[in-house]
Structures are given as C-alpha cells and as structure tokens.
Amino acid sequence: MAGGLLIVIDGPAGAGKSTVARRLAERYGLPVLDTGAIYRALALFARERGVAWSDASGLARLTTELASDANAASDANAASDANAASDAAVSSDANAASDANITAEAATPGIRFVPAHAPGAAQRVLLAGRDVTAAIRTPEISDGASQVSAHPAVREGLLGIQRQLGARGCVAEGRDLGTVVFPDAAFKFFLTADDRVRAARRQHEQREQGRELPLEQVLRDLQSRDERDQSREAAPLVQAADAVLVDSTGKDLDAVVHAIVAEIGRRQAEAGPKARLATRSRPGQSPA
Ligand code: DC
C-alpha cells in the first residue's frame, strides 16, 4: 500500500493491543486506528435502529449507510493529520477547534473518528454526531461487535473505511489487519496473552469505567468472544504468516513495547537507511 508507515497489531481481546498501539503511535508520531471501534459503533447503531445482531441483511444495509458516509473519507485526512495537530500538543485551541468540529458535524449521519489531540492518545468515536466513545465500551457492545463482525457483508462493507483511515500511515489494531485489511503493512505483530491474564486486564478496564464484574464472568465472555472471532468463516482472528508473535503474559507494558520497537529497529537496520528514515523518532525522543 502506498502512503505512510503502517504498523498493525492483531490479537484476541485483552491482549493489550490498545495500550501498546497508543505507546507505539507516540513513539513514532503516528495516529492510532482502532478498528474494533468501527465494529462496536456498528453494533450500537444496529441496537439503536432495532436491527438484530444476527440479521445479516439488516446489518448489510446499516453497513452501507455507515460506509457510504463522506465523513469516512474526510476523516481519513483528519486521522492522518493527527501528527501535525499533535505537534501543537494539547493546546486548548486544539480542543476548541475540534469541539467546534464535532458540533458542526452533529447532524451528520454515519461514523466519524476524531483524532486524538495528543500523540498516542485514544481517538474519539462519533455516531451520527454523538460522542459514543464510552458507550461502545460496555460488555454488551463488546459481544455485539463480535456478533456483527462475523457477517461477511459487514466485513466487506467496512474494508474501505479502514483502508482510507489507515492510508497515510498509522498504528492499527484489530483482528484481521495483517491478513485481510492491510496485507502489505510494513510491520505486523500478533499480540496475545494467557486467558486469565487477559480477563484480569479486561476486568480492570471495566472497573475503571465504574463496572465491577466477577473475574469468572469476564473470562467466560472473553473466551466465547475469542471462540466466535477465531471460528468465523470471514476473516477469522488468525496470526498472519509474516506477523511476529508477541506474548505479553508476565510482561509489563514497557517490556512489550520495547520488544516491538526492537523488532522494528532490527528489521529497519536490515532494510537500510531509507526504511530507517520512514520511522524516525519524533524530535526530542530518545531511541528505545
Ligand atoms: O478490539 P475490540 O475488542 O474493540 O473488538 C470488538 C470486536 O470487533 C471483536 O470481538 C471482533 C471485532 N473485530 C473484528 O472482527 N475485526 C477487527 N479488525 C477488529 C475487531
């Protein structure tokens, strides 16, 4: 794929993809593309429109509606301009500008991603102009996202948005990025961890959002979601043949990020100076 540097991280729920993606994005001055958020937004959209998560033709219709929205195209630019915006750091002007943007888009249908103001911070997700960043993170919507993502027409329909959003380079995280969405990505990683470790992380995330859930329940939900994501026919969760496996069990975040940065550095050194330039550190950052 032509365009900027693309680093993709696939793996099961709770493996630490989002946090690692954010740290890498910060490290290389790239925007983050959270593709799970797109499936989550579709699940929420379906719920609000009264379309069942099992209704293949209803979901195909909603997907077309989301995907045909011109916002996707304009946000591809916005997302890839995150570097430029983030150079201004978290200035209040940047916040004001983007809030104005959100308000202006309030009547627009479809899904929009608002790039983070600071490098490496999480993007915000708007659905028909509403900020649904928090609403798509409930356990119910996690399950819904997994269900809607199993429909081939949904996956096919959301390919274009993902490619547009990633076209100018990003750190993208998901399930089928290295295999289907960005098969030519320069760097592919498959991040995983022991089931119980992943469940404990998810439990912690939910607690931070004010939901207290028993570990056994989180573990059961996570395993059934993994099972569905791995066994679906369309683009199942699977490690790409050329992805590097990283197991985060027993490792802290710094160690995982360090391992990935080291691998990228090693591969760039092999590829020569041209590749090194493409992922130069942001000014003022020390090499990992
Ligand atoms: O990464 P996540 O937990 O936000 O993803 C939610 C669901 O979306 C996940 O269970 C499967 C689906 N998904 C997918 O099928 N392909 C992706 N690239 C990303 C997510």
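Notes on the structure in this doc start here. (Residues numbered from 1 in each chain as written. Predicted model: local features only at pLDDT ≥ 70, side-chain atom pairs only at ≥ 80, totals over all residues. Heavy atoms only, no water.)

## Thoughts on the pattern of salt bridges
Once their charged atoms are close, side chains differing in charge can pair, the charge on each being opposite to the other. The criterion, for reference: Each reported salt bridge corresponds to a side-chain nitrogen of Lys or Arg within 4 Å of a carboxyl oxygen of Asp or Glu. Counting from the N terminus, the helices are DSSP H or I runs at least four residues long and the strands are E runs at least two residues long. Per-residue accessibility, obtained with a 1.4 Å probe over protein chains only, is compared with the maximum for each type, and a residue is labelled buried under 20%, exposed over 50%, and partly exposed between these values.
For the structure shown, the criterion picks out 19 salt bridges. Note that glutamate 263 and arginine 266 form a salt bridge whose closest N and O atoms lie 3.0 Å from each other. Taken as a pair, glutamate 263 and arginine 266 lie in helix α12 (residues 253-271) at a separation of three residues, close to a single helical turn. Judged by relative accessible area, which is 15%, glutamate 263 ranks as buried. When the shortest N-O distance is used, the salt bridge between arginine 266 and glutamate 270 registers 2.7 Å. Taken as a pair, arginine 266 and glutamate 270 lie in helix α12 at a separation of four residues, close to a single helical turn. Since its relative accessible area comes to 58%, glutamate 270 is described here as exposed. Look at the salt bridges and you will find they share partners, linking Glu263, Arg266, Arg267 and Glu270 into a network.

## A look at the site of the ligand
Filter applied, for reference: Here, proximity means that at least one heavy atom of the residue falls within 4 Å of the molecule or strand. Here a polar contact is recorded for every N or O atom pair within 3.5 Å, except that within protein the pair must consist of a potential hydrogen donor and a potential acceptor, and residues adjacent in sequence are included only if both atoms are side-chain atoms. Here the accessible surface of atoms and residues is derived via Shrake-Rupley with a 1.4 Å probe, and residues count as covered only by protein chains that are part of the display. Under the grouping applied here, Gly and all other residues not named as nonpolar or charged are polar, the nonpolar ones being Ala, Val, Leu, Ile, Met, Phe, Trp, Tyr, Cys and Pro and the charged ones Asp, Glu, Lys and Arg.
In the region of the ligand, 17 residues are neighbours, and Arg40, Arg155, Arg175, Arg225 and Asp229 sit closest. A distance of 3.3 Å is found between an oxygen atom of the ligand and a side-chain nitrogen or oxygen belonging to serine 149. One nitrogen or oxygen atom from the side chain of arginine 175 is found 2.8 Å from an oxygen atom belonging to the ligand. When isolated, the ligand has an accessible area of 450 Å², and the protein chains bury 98% of it. Of all the secondary-structure elements, those providing two or more residues to the shell around the ligand are α2 (36-49), α7 (139-148) and α11 (215-231). A total of three residues in the shell around the ligand trace back to one element, the largest contributor, which is α2. Residues that form the shell around the ligand fall into these classes: three nonpolar, five polar and nine charged.

## Considering the pairing of strand β4 (residues 124-127)
To be explicit about the condition: Note on pairing: DSSP must find at least two bridges between two strands before they are called paired.
Two strands pair when backbone bridges link them, and strand β3 (residues 111-114) and β4 are joined in this way by four bridges, in the antiparallel orientation. Its bridge partner lying in β4, phenylalanine 113 is registered against valine 125. With two bridges joining them, β4 and strand β5 (residues 130-131) adopt antiparallel strand pairing. Of the residues in β5, the one forming a bridge with leucine 127 is arginine 130. Linkage of β4 to β5, two consecutive antiparallel strands, is achieved through a turn of two residues, within which alanine 128 is found at a positive phi near 50°.

## Quick word on the packing of helix α10 (residues 195-208) against α11
Under the convention used in this document: Geometry is summarised by axes, namely lines fitted to C-alpha atoms with helices restricted to the contacting stretch, and by angles between N-to-C directions that run from 0 to 180 degrees. Oblique is the label for any angle not under 35 degrees, not over 145, and not in the 65 to 115 range, which are roughly parallel, roughly antiparallel and roughly perpendicular in turn. Handedness of a crossing is defined here by the sense of rotation of the near helix relative to the far one, left-handed for an anticlockwise turn of less than a right angle and right-handed for a clockwise turn. Whether two residues are in contact is decided by their heavy atoms, any of which lying within 4.5 Å being enough.
Two elements in contact, α10 and α11, have axes whose closest approach is 9 Å; the angle formed by their N-to-C orientations is 115°. Overall, the two elements α10 and α11 adopt an arrangement that is roughly perpendicular. In this structure, α10 crosses over α11, and the sense of that crossing is right-handed. Residues Asp195, Arg196, Arg198, Ala199, Ala200, Arg202 and Gln203 of α10 form the contact with α11, whose own contacting residues are Leu215, Glu216, Val218, Leu219, Leu222, Gln223, Arg225 and Asp226.

## Focus: the sheet that holds strand β7 (residues 187-192)
Pairing in this open sheet of five strands is parallel, and the strands run β2-β6-β1-β7-β8 from one edge to the other. In this open sheet, the two strands that pair with only one neighbour each are β2 (32-34) and β8 (244-247). On average, each strand axis in the sheet is tilted by 20° relative to the strand beside it, whichever way the strands run. Examined bridge by bridge, β2 and strand β6 (residues 170-174) share three bridges and lie parallel to one another. When the sheet's bridge partners are listed, leucine 33 is paired in β6 with alanine 172.

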